[in-house]
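The primary structure of each chain is shown beneath.
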There are 2 protein chains.
Amino acid sequence: MTSKPLAGRRNLFMDLVHEAAGGNRLALSRLLTLIENQDERGLSTLDTLYSRTGNAHVVGITGPSGSGKSTLVNRLALDLADRMGKKTAIIAVDPTSPFSGGALLGDRVRMRDLAERPEIFIRSMATRGALGGLARATGEAALAMDAAGFEVILIETVGAGQSEVEIARLAHTTVVIEAPGLGDDIQAAKAGILEIADILAVNKSDKPNSAITANALKAMLEIGEELRKTFEENDDHWKVPLLQVSALNGEGIVDLSNEIARHHGWLKDNGVWESRSRERSADLVERLLKERLFDAWQKRIEAKDTEEVIAKVNKREMSPRQAVELLLRSSKN
Amino acid sequence: MTSKPLAGRRNLFMDLVHEAAGGNRLALSRLLTLIENQDERGLSTLDTLYSRTGNAHVVGITGPSGSGKSTLVNRLALDLADRMGKKTAIIAVDPTSPFSGGALLGDRVRMRDLAERPEIFIRSMATRGALGGLARATGEAALAMDAAGFEVILIETVGAGQSEVEIARLAHTTVVIEAPGLGDDIQAAKAGILEIADILAVNKSDKPNSAITANALKAMLEIGEELRKTFEENDDHWKVPLLQVSALNGEGIVDLSNEIARHHGWLKDNGVWESRSRERSADLVERLLKERLFDAWQKRIEAKDTEEVIAKVNKREMSPRQAVELLLRSSKN
């Protein structure tokens, strides 16, 4: 297939839209590139496709880099596709991995494993722009995949901070991956990553020290359940399962897919799917709105001017309010 | 003393400013009311006072309602003032307590205990307006107290969500209070409240089940330290101390003041005071800026129009981007 230029070819472009929605992978790839670049044609296509969204199960998979997350996500996608018959898409968002920043080589190596599978689609997200922008682009890519008929969308992020929590808010189900022997374990815990988990998986169950990490996490979960039991009458909340898996030899992958499917059922049966969907709509609109307002402002000012003003505030030469007044005035010129 | 009208009396108002900075409590109270109401004169006074700020140790004290937090904060203020000789101010921010929303009776009962103390000042913050607004007003009140010469500012919040995390970001030191027999314990843990703690205190050590809560929290802290020890070379991070205290009989209050002072020393000695100060300046400016931009926008639109548009997005009748375009267009009329 050859890549046709899109500029000025509106009719051909609308064909692309229909092809993407109909399952054409190249069409979907091109559409995602347009969305990622915030190209007006990509974004207006998304507007057209939006009415077809809302069916996919969006699963966030987060964990420290070096936890073998990518291999695990590949294995999981294969199991979801082969055993459970689900059309599965992967979005890899990882500022520290070779999959991000448009690293084509990494993408190709990884895609080779999944290339023969028409029911699996993989896409990495570049980290250009602000973190807020990354969360937005990821959300928009997930919508495009949803409209294109993918039933499960795995969003893979490195668990290290605010951006991942932001991205997790896009997901119906959040899987937190831990692995033995990583300094990030405690970082992940500190960043409140454990607090967002619907499912907890310790990867590298093949390694001897994996049990130590699993036991520490199990103890944390049990303490939480004990405290909850003491105070809560009803017992209908979701109990976070802890799994030991090995992306290397495939151990526990089936259990992980099953737990993801079980959480999907629980969300639907308890009205949580619907309430999360409402929250997400409000969240998307408010976030996009704030971003548009702040972006519009930032276009009217130099970054170094902002930094200078903040330094003055820190030296108590100017109050924060005076700084904001000054910045708002400067941006009007 | 009589309360003089301020409108149009600029010179008298400037006197008030000097009096507040000089330690006149009534002047400070009136200044805080002006700030809280976002009165232009109060805010411009704050600009004038800003150069005198940056000395106070701001301590956030957060915990579930019913944990006896207010009594504990009162006891702590007395110890800081009497034993350590510190001029201490309290800001009570608690949407669920009688101290908030301008509940004068609650305030008066509480202030009676501390009324004889010229070195202690107490102020409650009303919850009018948005949560962001509450964090801003609290930050501004703390600045006014700092300028007025208070050496320790205790900001008391109920630990239940985003607003408290926001307010904790204002503090140099965050003390998390837990208590036995409260359903909120696990809520506090879920909300990531434990993650923000510099000092952890279990109140009601006089109650028999206090040890259960303390042991559960101790186990969590130890697991964290164990994991950290495995991966970190150096050992110079702050180790969160766990205290058992009783606001009722005063047990452990001295230890709590001492730990707060020790954390202050640690922040100063390790350059963390300075780096947190820089972060806070940038944070204050960016937050105020975003708020100003969003506020300016909200003034141009009806809340029910926004809700209607969000409902349409949820029903997939309109994309988020179309919704934002529509909202931005509507607000221009």
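Residues numbered from 1 in each chain as written. Chains lettered and ligands numbered in written order. Predicted model: local features only at pLDDT ≥ 70, side-chain atom pairs only at ≥ 80, totals over all residues.

On to the overall build of chain A. A tally of regular secondary structure across chain A gives 13 helices and seven strands. Considering chain A as a whole, with its 333 residues, one finds that 44% of them fall into the buried category. Pairs at least 24 residues apart make up 75% of the contacts formed inside chain A by residues separated by at least 6 positions. (Helix = DSSP H or I, 4+ residues; strand = E, 2+ residues; numbered from the N terminus. Buried ≥ 20, exposed ≤ 12 C-beta atoms within 10 Å, placed from the backbone. Contact = placed C-beta atoms within 7 Å.)

Another point: the packing of helix 2 (residues 25-36) of chain A against helix 3 (residues 40-49) of chain A. Residues and elements named next belong to chain A. Orientation of helix 2 relative to helix 3, taken along the N-to-C sense of each, is 110 degrees, at an axis distance of 7 Å. Classified by the interaxial angle, the pair formed by helix 2 and helix 3 is roughly perpendicular. Relative to helix 3, the crossing made by helix 2 is left-handed. Contacts between helix 2 and helix 3 pair Leu31, Leu34 and Ile35 from the former with Arg41, Gly42, Leu43, Thr45 and Leu46 from the latter. Counted by class, the contact of helix 2 with helix 3 contains five nonpolar, two polar and one charged residues. (Axes fitted to C-alpha atoms, helices over the stretch in contact; angles between N-to-C directions. Parallel < 35°, antiparallel > 145°, perpendicular 65-115°, else oblique. Left-handed = near helix turned anticlockwise from the far one by under 90°. Nonpolar A, V, L, I, M, F, W, Y, C, P; charged D, E, K, R; others polar.)

Bringing the pairing of strand 6 (residues 199-202) of chain B into the picture now. Residue and element names in this part refer to chain B. Burial of strand 6 is two-sided: the residues Ile199 and Ala201 facing one way and the residues Leu200 and Val202 facing the other way are all buried. Of the strand pairs in this sheet, strand 6 and strand 7 (residues 242-244) are connected by three bridges, and their pairing is parallel. The residue bridging Leu200 from the neighbouring strand is Leu242, located in strand 7. (Pairing = 2+ DSSP bridges.)

A word on the pairing of strand 2 (residues 88-93) of chain A. Across the six residues of strand 2 of chain A, six count as buried, placing the element largely inside the fold. Side chains Thr88, Ile90 and Ala92 of chain A project from strand 2 of chain A onto one buried face, and the interleaved Ala89, Ile91 and Val93 of chain A project onto a second face that is buried too.

To continue, consider helix 3 of chain A. Given 3.6 residues per turn, any residue in an α-helix points the same way as the ones three and four places further on. Turning to helix 3 of chain A, its buried residues are Gly42, Thr45, Leu46 and Leu49 of chain A. In a view along the axis of helix 3 of chain A, the buried residues occupy a sector of 105 degrees, so they form one face of it. (Arc of directions from axis to C-beta.)

What follows is about helix 10 (residues 253-269) of chain B. Residue and element names in this part refer to chain B. The end-to-end C-alpha distance of helix 10 is 24 Å, a good match for the 24 Å that 17 residues give at a rise of 1.5 Å each. Buried residues of helix 10: Ile253, Leu256, Ser257, Glu259, Ile260, His263 and Leu267, and no others. All buried residues of helix 10 lie within an arc of 160 degrees about the axis, which places them on one face of the element. Along helix 10, exposed side chains directed more than 90 degrees from the buried face belong to Gly265 and Asp269. Immediately beyond the C-terminal end of helix 10, within one or two residues, lies Gly271, with a positive phi of roughly 75 degrees. (Expected span 1.5 Å × (residues − 1).)

One finds Ala144, Ile153 and Ile155 of chain A together with Ala144, Ile153 and Ile155 of chain B to be the most contacted residues of the largest nonpolar core, which totals 120 residues. Leave out the neighbours within four places in its chain, and Ala144 of chain B touches Leu28, Leu31, Leu32, Ile35, Leu46 and Leu49 of chain B. (Core = buried A, V, L, I, M, F, W, Y, C linked by C-beta atoms within 7 Å.)

This part covers the environment of Leu34 of chain B. Residues and elements named next belong to chain B. Structurally, the position occupied by Leu34 is in helix 2 (residues 25-36). As for Leu34 and Thr45, which are separated by 11 residues in sequence, their C-alpha atoms are 9.5 Å apart. Setting aside residues no more than four positions away along its own chain, Leu34 makes contact with Asp39, Arg41 and Gly42.

What follows deals with the environment of Leu32 of chain A. All names here are of chain A. On the secondary structure map, Leu32 appears in helix 2. For the pair formed by Leu32 and Leu46, sequence separation is 14 residues and the distance between their alpha carbons is 9.6 Å. When near neighbours in sequence (up to four residues on either side) are disregarded, Leu32 contacts Arg123, Ala141 and Ala144.

Below, the discussion takes up unusual backbone geometry. A positive phi angle is found at Lys204 of chain A, which is not glycine, with a value near 65 degrees. Position of Lys204 of chain A relative to the elements: it lies in the loop between strand 6 (199-202) and helix 9 (210-231). The class of Lys204 of chain A is buried, set by 24 C-beta atoms lying within 10 Å. A positive phi angle, near 65 degrees, is found at Arg316 of chain B, a position not held by glycine. Summarising the element assignment, Arg316 of chain B is placed in the loop between helix 12 (303-314) and helix 13 (320-332). The exposure class assigned to Arg316 of chain B is partly exposed, which follows from the 14 C-beta atoms found within 10 Å.

So, about the confidence of the model for chain A. Residue and element names in this part refer to chain A. When pLDDT is averaged along chain A, the result is 78, and 73% of the positions lie at 70 or above. Within chain A, no element has a lower average pLDDT than helix 8 (residues 184-190), which sits at 43, and none a higher one than helix 10 (residues 253-269), at 97. Here residues 183-191 is modelled with pLDDT under 50, and outside its nearest four sequence neighbours on either side it reaches 25 contacts, counting other chains as well. For this predicted complex, the interface score ipTM comes out at 0.71, alongside a pTM of 0.61. (pLDDT = per-residue confidence, 0-100.)

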